[in-house]
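In case you want the letters, here they are:
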Amino acid sequence: MGEMVSYGVSGGIAEVVIDNPPVNAASHGVRAGLASALARFEGDAEAGALIIRCAGRTFVAGADIKEFGKPMADPQLPDLLKRFDAAIKPIVAAVHGMVLGGGFELALACHYRIADARARFGFPEVRLGLLPGAGGTQRVPRLAGLQIAIDMITGGGQIGAEAAKQAGLVDMVTDGDLADAARGFARDLVAAGKGARSAADLSMPADDPALFDAARKSVARKMRGQTAPLKALEAIRLGYEGGPFDQALDREYALCREMVTGSQSRALRHIFAAEREVAKVPGLSADTTARMVETAGVIGLGVMGRGIVMALAAATVPVIAVALDQAHLDAAMKAIRDTWAGQVAKGSLTQAEMDARLARITGTVEPARLVDADLVIEAVSEDIERKQAVFATLGSVTKPGTILASNTSFLDIDTLADASGRAADVCGMHFFNPAHIMRLLENVRTTRIAPDAVATIMAFGKRIGKLAVLSGVCDGFIVNRMLSKRSREAFFLVEEGASPSVIDKVVLDYGFPMGPLALGDLAGLDIQAAARKSRAAKATPRELRADFVEQMVAAGRLGQKSGSGWYVYDEKRKSSSNPETDALVSAHAKRHGLALREIGADEIRERLLYAMVNEGARLLDEGVAPRPHDIDIAMVNGLGWPAYTGGPMFWADQIGLATVLATIERFRKEQGDAYWTPSPLLARLAGEGRGFYA
Ligand code: CAA
């Protein structure tokens, strides 16, 4: 038996303990260890029942993701679990922590389940582009019914121990010592003469084709473009159409194996690993410790400031919220209360939790109150002089060592560091709107920041439930800088004759939640026009000429908020094409003597997305993004780049950088050096036959 699994017998009960840190993944050593332990138990006359449990912080949290894509050594998990079905003495799973994927399937193949009250159960496989491959799709419907099976397996969410018990997936929940409770449970089984039992012996619940139809429609909408949830539904149907239990299990596993090698699963596994990679900060020595943040401050309570206050208070951080004046403070507090009251009305937040969050916020108009803060996030309007004045104030009113972070989305934070007089404490913390919902946080490492301040903002991001990536200082950081290249290309495509709805459809079909022009309407064309104005001094004549947003703003068309922008919107904000946009584009072409042409979907997609890939390569070249992982994670979580393509850099690698480069060179000939000069890194890697990752 491998050292990952131990076997012992005491008082007539055998006990297997799995010990494979950090998350007790069902690696080969665990599977082999379990197979020998099972054989030993079956031949052990002294043992009347077997308990399977785990050491450490969790039960088995799934198959070992690192083994995916390599030849899987025997025993395979499904075969091993079939042997549990066939065992004649009872097996009890005693579970705690995260009971996920293959770990949940292991527990389900045991004959009884007893759970720690804090245990969480789920099938995250769809998030990895997979489906449960070791009986999950067959055992859950038999134990808990179709609705729960469909929800858990296609949704990838989790349920707690009590809910699992209610569903029939767990026999007993304990908040006492789990091992003791399991021993008592097993002894009672033996004393009562209760033997083995298997979900394999249960029948499938009555078929409900309407439920499957509804589920197919729902996942096609909620998880658009993803193949795994639909395949998972097919796998559940094997319970009706897949032959006897063992045969259905074999077919379920075959479906899962097929998906492991598919492009979506490879991309989603890359995203899983990249999310963990971005938490590791390059260039920080192992002994760098984060500063303590007990109280945070936010100065500037517009839309972003309020969202940040809500994010902090929801994450149990006491916040000092500083507004410009009493009227702004009152408006901000009202907006915050209204947002949470709306959630209470919908039942997604309790009144008690809302009250607790409000109690964590101290509203004030006195910046001097920030003396109690350990970290202050500035969120005043995007005006460099205003921000410099705020940083000068922050430098004088806060304690030495208090981290001063700007939420700017494009201004030069190094100049704010100068204004503060405390450059080693100054950084960026760029939240995305709405800040209390969006998971991405771009932490910006200024040139003179102290290493422990970097460690602090990364740890703090995690503490408030955000996915923090690190960016260097530049105009737009990672997400907005890459996005600006897509927007530019979208405007050029409109100028050349592509209609906004065709452009948006290409982007939507690729898998983004929204196209670039619809996004402009949502964000506000006035905001986009202001951003263009602030960059006008550096813009090319062609960029200045493609002034559609300025023209629309001048005509009072601000996007969704005014009911008209690229599209027109009805009172329910449903969009349709806008005849005024067509007229504007034709008049623009006439004025500038431009010929309009038909542009195919491939060209639209390549120009919009390769412009971002090329800019991503520049970010790497310049060291703004430390690794391609940071770019992929930022774009997936900040812009909705479909995770199942792996993000721009991974996606480009799959296409092959030589192909990407050749297309960029073609665009360069057609569109000019100013827009399509390949990044030196891209050119070099393509020449060497390499990708961004390997
Ligand atoms: N296999 C291998 N390594 C894993 C792993 C797994 N299933 N789950 C986590 N790890 C590793 C992580 O990569 C990380 O490694 P590093 O420290 O080297 O970066 C380490 O364990 C700790 O993980 P986290 O940082 O994520 O720790 P956490 O406490 O924040 O979260 C967790 C713990 C909830 C278990 C989370 O890691 C998680 O969601 N893991 C994935 C679970 C999963 O998807 N399981 C299903 C696998 S597919 C399957 O089981 C298919 C099948 O039936 C055939």
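Bear in mind that the values here come from a model prediction, so they are computed numbers and not experimental data.

**Describing the domain arrangement of the protein chain**
Split into domains, the protein chain comes out as domain 1 (5-260), domain 2 (296-477), domain 3 (480-599) and domain 4 (602-687). Relative to domain 3, the C-alpha centre of domain 2 lies at a distance of 31 Å. Taken together, the contact between domain 2 and domain 3 spans seven residues of the former and four residues of the latter. Summed over both sides, the interface of domain 2 with domain 3 buries roughly 500 Å², with 43% coming from carbon and sulfur. Area buried by domain 2 at its contact with domain 3 is led by Phe 410, Asp 475 and Gly 476, which between them contribute 62% of it. Our count for the contact surface shared by domain 2 and domain 3 stands at one salt bridge. With a closest N to O distance of 2.9 Å, Asp 475 and Arg 535 form a salt bridge. The interface formed by domain 2 and domain 3 includes three residue pairs in polar contact (both at pLDDT 80 or more). When its residues are assigned to classes, the side of domain 2 that touches domain 3 shows three nonpolar, three polar and one charged.

**A word on the side chain of Arg 422**
Secondary-structure assignment places Arg 422 in the loop between α16 (413-420) and β15 (426-431). Looking at Arg 422, its side chain comes within polar contact range of the main-chain oxygen of Gly 395, at 3.2 Å. In contact with Arg 422, other than residues within four places in its own chain, are Leu 394, Gly 395, Thr 398, Lys 399, Pro 400, Gly 401, Thr 402, Leu 404 and Ala 417.

**A short note on the sheet that holds strand β17 (residues 467-472)**
Pairing in this open sheet of eight strands is mixed, and the strands run β12-β11-β10-β13-β14-β15-β16-β17 from one edge to the other. Two strands bound the open sheet, and with one partner strand each, they are β12 (361-364) and β17. Strand-to-strand twist in this sheet, taken as the mean axis angle between neighbours without regard to direction, amounts to 25°. Both strand β16 (residues 440-445) and β17 contribute to a ladder of six bridges, which runs parallel.

**Some remarks on the packing of helix α3 (residues 102-109) against helix α4 (residues 136-144)**
Two elements in contact, α3 and α4, have axes separated by 10 Å at closest approach and are oriented at 55°. The angle between α3 and α4 falls in the class oblique. As α3 packs across α4, the resulting crossing turns out to be left-handed. Contacts from Glu 105, Leu 108 and Ala 109 of α3 reach α4 at Gly 136, Arg 139, Val 140 and Leu 143.

**Regarding the packing of helix α18 (residues 477-496) against helix α26 (residues 628-639)**
Packing of α18 against α26 brings their axes to within 9 Å, and their N-to-C directions diverge by 75°. Regarding the angle of α18 to α26, the classification is roughly perpendicular. Mapping the contact onto sequence places Ile 478, Val 479, Met 482, Leu 483 and Arg 486 in α18 and Asp 630, Ile 631, Ala 634, Met 635, Gly 638 and Leu 639 in α26. Per-class residue counts for the contact of α18 with α26 are eight nonpolar, one polar and two charged.

**Observations regarding helix α9 (residues 228-241)**
The end-to-end C-alpha separation of α9 is 19 Å, in line with the 20 Å expected for 14 residues at 1.5 Å each. Where the residues of α9 are buried, they touch α4, α5 (146-155), α8 (209-222), α10 (245-260) and α11 (263-277). Among the residues trailing α9, Gly 243 stands out with phi positive, at a value near 85°.

**Here's the deal with the site of the ligand**
Near the ligand lie 24 residues; those nearest to it are Arg 57, Ala 63, Gly 102, Glu 105 and Arg 276. Arg 276 places a side-chain nitrogen or oxygen 2.8 Å from an oxygen atom of the ligand. The separation between an oxygen atom of the ligand and a polar side-chain atom of Lys 280 is 3.2 Å. Within the complex, 75% of the 980 Å² of free accessible area of the ligand lies under protein.

**Focus: the pairing of strand β13 (residues 375-378)**
Burial along β13 is two-sided: Leu 375 and Ile 377 and Val 376 and Glu 378, pointing in opposite directions, are all buried. Relative to β13, strand β10 (residues 296-299) runs parallel, the two being bridged by four bridges. Counted as the bridge partner of Val 298 is Ile 377 from β13. Looking at chain direction, β13 and strand β14 (residues 403-406) are connected through four bridges and run parallel. Following the sheet pairing, Glu 378 is matched in β14 by Ser 406. Following the chain from β13 across helix α15 (residues 384-397) to the adjacent parallel β14, one finds a crossover that is right-handed.

**Let's talk about the packing of aromatic side chains**
On inspection of all chains with the given rule, the structure shows 15 aromatic pairs. For the ring pair Phe 548 and Trp 566, a centre distance of 5.8 Å and an interplane angle of 55° mean the geometry is tilted. Linking Phe 548 in helix α23 (residues 548-554) with Trp 566 in the loop between α23 and β18 (567-569), this pair joins segments that are 18 residues apart in sequence. Relative accessible area serves as the criterion here: at 0%, Phe 548 is assigned to the buried category. When its relative accessible area of 2% is taken as the criterion, Trp 566 is described as buried. Relative to Trp 676, the ring of Phe 667 lies with its centre 4.9 Å away and its plane at 55°, an arrangement referred to as tilted. We classify Trp 676 as buried; its relative accessible area is 0%. Positioned over the ring face of Phe 410 is Arg 535, at 4.8 Å from the centre of the ring.

**Describing the pairing of β14**
Neither face of β14 is open: one carries Ile 403 and Ala 405, the other Leu 404 and Ser 406, and all of them are buried. Across three bridges, the pairing between β14 and β15 is parallel. Looking at the pairing, Ser 406 lines up with Gly 428 of β15. In this fold, β14 hands off to α16, which returns the chain to β15; that crossover is right-handed.

**Thoughts on the sheet that holds strand β9 (residues 172-174)**
Spatially, the six strands line up as an open sheet ordered β1-β2-β3-β4-β6-β9, and their pairing is mixed. In this open sheet, the two edge strands, each paired with only one partner strand, are β1 (5-10) and β9. Pairs of neighbouring strands in the sheet enclose a mean axial angle of 20°, with direction left out of account. Here strand β4 (residues 91-95) pairs with strand β6 (residues 112-116) via four bridges, running parallel. Of the residues in β6, the one forming a bridge with Val 92 is Tyr 112.

**Let's talk about the nonpolar core**
Residues Ile 18, Phe 84 and Phe 121 are the most contacted members of the largest nonpolar core, which totals 72 residues. Counting residues in each nonpolar core, the second largest holds 71 residues, with Ile 271, Tyr 510, Phe 512 and Tyr 567 among its members.

**Side note on α3**
For α3, the buried fraction is high: eight of the eight residues fall into the buried class. Residues of α3 that are buried include every one of Gly 102, Gly 103, Phe 104, Glu 105, Leu 106, Ala 107, Leu 108 and Ala 109, and no others.

Definitions and limits used
Residues numbered from 1 in each chain as written. Predicted model: local features only at pLDDT ≥ 70, side-chain atom pairs only at ≥ 80, totals over all residues. Heavy atoms only, no water. Domains from an automatic or database assignment. Contact = heavy atoms within 4.5 Å. Buried area = accessible area lost by both parts, 1.4 Å probe. Salt bridge = Lys/Arg side-chain N within 4 Å of Asp/Glu carboxyl O. Polar contact = N/O pair within 3.5 Å; in protein donor to acceptor, adjacent residues only side chain to side chain. Nonpolar A, V, L, I, M, F, W, Y, C, P; charged D, E, K, R; others polar. Helix = DSSP H or I, 4+ residues; strand = E, 2+ residues; numbered from the N terminus. Pairing = 2+ DSSP bridges. Axes fitted to C-alpha atoms, helices over the stretch in contact; angles between N-to-C directions. Parallel < 35°, antiparallel > 145°, perpendicular 65-115°, else oblique. Left-handed = near helix turned anticlockwise from the far one by under 90°. Expected span 1.5 Å × (residues − 1). Near = heavy atom within 4 Å. Areas by Shrake-Rupley, 256 points an atom, 1.4 Å probe, with all protein chains shown as cover. Buried < 20%, exposed > 50% of the residue type's maximum accessible area, 1.4 Å probe, protein only. Right-handed = clockwise from strand over helix to strand, strands pointing away. Phe/Tyr/Trp six-rings, centres within 6.5 Å; stacked < 30°, edge-to-face > 60°. Lys NZ or Arg CZ within 6 Å of the ring centre and 35° of its normal. Core = buried A, V, L, I, M, F, W, Y, C linked by side-chain atoms within 4.5 Å.

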